[in-house]
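One-letter residues, chain by chain:
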Amino acid sequence: MKKHFLVFGIVAILFSACNNKTTSTENSTATSEKMAHPKAPKAEGSPRILFIGNSHTEFFVSAPVLFGEICKANNQPMIIDQLVTMGVSVEKIYADHKKQADENFAKTDKDGNYYDYVVIQESTPVAGGEPNKYKSNVDMIVEKIRKNSPDVAIYIYEGMSPTPFTDADYNELYDVMRENAISVVESTKNSGLLRVGDAINDAYNGKNGYKYLVANKDNLRYGENTLHLLNDGGYLQGALLFATIFDKKPIMPKELALCTGTGDNDDMKKQDVSKAISNPKALEEIAFSNR
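Not measured: the values here are computed from a predicted model.

J.: Would you explain the sheet that holds strand β1 (residues 48–53) in this entry?
T.: The strands that make up a sheet are held in pairs by hydrogen bonds between backbone atoms, and each pair lies either parallel or antiparallel. Sheet architecture is open: five strands sit in the order β2-β1-β3-β4-β5, paired in parallel fashion. Whereas interior strands pair on both sides, the edge strands pair on one side only; in this sheet they are β2 (79–84) and β5 (191–194). Adjacent strand axes in the sheet meet at a mean angle of 20°, parallel and antiparallel pairs treated alike.

Shown next, in the form of structure tokens:
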């Protein structure tokens, strides 16, 4: 696993977009009440999902891997594809995987939709500080996908506040990330919000009795310049994605592929959830409430 930390001017970029923001609690309530979920096409055979993202999709833990394991535990067939490149935005992810992407986007399925679900995770600097580019990148990749998947359900990954929870800027930057993601959802046909930022924020704020500090260390995210999800955060994200797509609580596996550490030589391996995750039940409840 490559863990070379990425250096972004994230805070400076996001602050340029911070004007007249409402409180996080007000925003969260509004989104949960007003935003509908996209409707997935009726699949013949196993549905197919595509993950497009960078290190927030796969780094210490892997969203595609965890989602696949959760689907298997719930007897939910799912074919999983991914286009992932660390540290770049959506248009560069596409450029990096152009041959593979174009081949997949050209494939057809009997039901008329090669992809049934797509999760799009934009880079933090773009998602927070360049809203017009954020929209154009999503428009570009969705247009290519919909040529042979016209009814695909699109989920826009709501990014997290890029600063530690203890920083004074945390809430303001959290608001920027979520408002920009909501704007992209509102301008994208048949799309919905994957509320990762909201779920992580709830966990930080102690919802359902969850405590993010373990031995005085953040148990949700870790990083020097970019904060990436650790086992607790990855577990929450995996449960959230399943609950969001299928609108039900997942049966969580007793073992999952989770990280063994944060060093360059550490990797993911199957681990006992009861030992690797600090409070599984609280995280599952937080996930379900943010679906």
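J.: In this structure, what is going on with helix α12 (residues 280–289)? I would like to understand it.
T.: Residues three or four positions apart in an α-helix share a direction because the helix packs 3.6 residues into each turn. Residues of α12 that are buried: P280, A282, L283, E284, I286 and A287. Among the structural elements, α9 (196–204), α10 (231–246) and α11 (273–276) are those in contact with the buried residues of α12.

J.: Before we go on, may I ask you to explain the packing of helix α3 (residues 63–73) against α10 in this structure?
T.: Between two packed helices, the angle of one axis relative to the other and the distance separating the axes together describe the packing. As a packed pair, α3 and α10 sit with axes 9 Å apart at the nearest point and diverge in direction by 60°. Classified by the interaxial angle, the pair formed by α3 and α10 is oblique. In terms of crossing hand, the pair formed by α3 and α10 is right-handed. Here A63, L66, F67, I70 and C71 of α3 lie close against α10, whose contacting residues are G234, Y235, Q237, G238, A239, L241, F242, I245 and F246. Residues belonging to the contact of α3 with α10 are distributed by class as follows: 11 nonpolar, three polar and no charged.

J.: Please explain the side chain of N54 as it appears in this structure.
T.: Among the secondary structure elements, N54 is positioned in the loop between β1 and α3. From its side chain, N54 meets the backbone oxygen of V88 in a polar contact 3.0 Å long. For N54, the contacting residues outside a window of four places in its chain are V84, T85, M86, G87, V88, I93, Q121, E122 and S123.

J.: What am I meant to see in the environment of N279 here?
T.: Following the sequence through the fold, N279 ends up in the loop between α11 and α12. Between the C-alpha atom of N279 and that of Y212, which follows or precedes it by 67 residues, the distance is 9.4 Å. Those residues in contact with N279, other than ones at most four positions away along the chain, are G209 and Y210. There is a polar contact of 3.2 Å between the side chain of N279 and the backbone nitrogen of A282.

J.: Please clarify how the packing of aromatic side chains should be interpreted in this entry.
T.: Any aromatic ring pair is given by two values, namely how distant the centres are and how the planes are angled relative to each other. A full pass over the atoms with the stated rule returns 13 aromatic pairs. Their ring planes at 70° and their centres at 6.3 Å tell us that Y117 and F246 sit as a pair that is edge-to-face. On the criterion of sequence distance, the pair formed by Y117 in strand β3 (residues 117–120) and F246 in helix α10 is long-range, its members being 129 residues apart. Here Y117 falls in the buried class, since its relative accessible area comes to 11%. Taken together, the ring pairs connect F165, Y170, Y174, Y204 and Y212 into an aromatic cluster. Above the ring of F288, the side-chain terminus of R291 is found at 3.8 Å from the ring centroid.

J.: Any chance you could explain the pattern of salt bridges here in plain terms?
T.: Opposite charge on two side chains allows them to pair when their charged atoms are near. Under the defined criterion, the tally for this structure stands at 11 salt bridges. The closest approach of N and O atoms between K98 and D102, which form a salt bridge, is 2.7 Å. One end of the pair is K98 and the other is D102, both in helix α5 (residues 98–105) and four residues apart, which spans about a single turn. The partner of R291 in a salt bridge is D247, with the nearest N and O atoms 2.8 Å apart. Note that R291 is positioned in the segment after α12 and D247 in the loop between α10 and β10 (255–259), a separation of 44 residues in sequence.

J.: Help me understand unusual backbone geometry, please; the structure alone is not making it clear to me.
T.: Glycine aside, the phi torsion of most residues is negative, and most peptide linkages are trans. If you check the backbone angles, N208 has positive phi at about 60° while not being a glycine. Owing to a relative accessible area of 42%, N208 belongs among the partly exposed residues under this scheme. In this model, N216 sits at a positive phi of 65°, which is unusual for a non-glycine residue. Relative to the helices and strands, N216 resides in the loop between β6 (213–214) and β7 (217–218). Residue class for N216 comes out exposed when judged on its relative accessible area of 67%.

J.: Help me out: how do you make sense of the layout of surface pockets in this one?
T.: Over the atoms a probe the size of a water molecule is rolled, and this reveals where empty space is left. Of the pockets and cavities examined, the largest pocket occupies roughly 290 Å³. The wall of the largest pocket is formed by 14 residues, among which K217, D218, N219, R221 and Y222 lie closest to the centre. Going through the elements one at a time, β6, β7 and β8 (221–222) are the ones with two or more residues in the lining of the largest pocket. Along the lines of polarity and charge, the residues of the lining of the largest pocket split into eight nonpolar, three polar and three charged. Looking at the second largest pocket, its volume works out to about 170 Å³. Counted by class, the lining of the second largest pocket contains three nonpolar, five polar and one charged residues.

About the cut-offs
Residues numbered from 1 in each chain as written. Predicted model: local features only at pLDDT ≥ 70, side-chain atom pairs only at ≥ 80, totals over all residues. Heavy atoms only, no water. Pairing = 2+ DSSP bridges. Helix = DSSP H or I, 4+ residues; strand = E, 2+ residues; numbered from the N terminus. Axes fitted to C-alpha atoms, helices over the stretch in contact; angles between N-to-C directions. Buried < 20%, exposed > 50% of the residue type's maximum accessible area, 1.4 Å probe, protein only. Contact = heavy atoms within 4.5 Å. Parallel < 35°, antiparallel > 145°, perpendicular 65-115°, else oblique. Left-handed = near helix turned anticlockwise from the far one by under 90°. Nonpolar A, V, L, I, M, F, W, Y, C, P; charged D, E, K, R; others polar. Polar contact = N/O pair within 3.5 Å; in protein donor to acceptor, adjacent residues only side chain to side chain. Phe/Tyr/Trp six-rings, centres within 6.5 Å; stacked < 30°, edge-to-face > 60°. Lys NZ or Arg CZ within 6 Å of the ring centre and 35° of its normal. Salt bridge = Lys/Arg side-chain N within 4 Å of Asp/Glu carboxyl O. 1 Å grid on protein atoms, 1.4 Å probe; cavity = no way out; pocket = protein on both sides within 12 Å on 5 of 7 lines; lining within 4 Å. Points joined across faces, edges and corners; volume = space filled by probe spheres on them.

In short, shape yes, function no, at least from these values alone.
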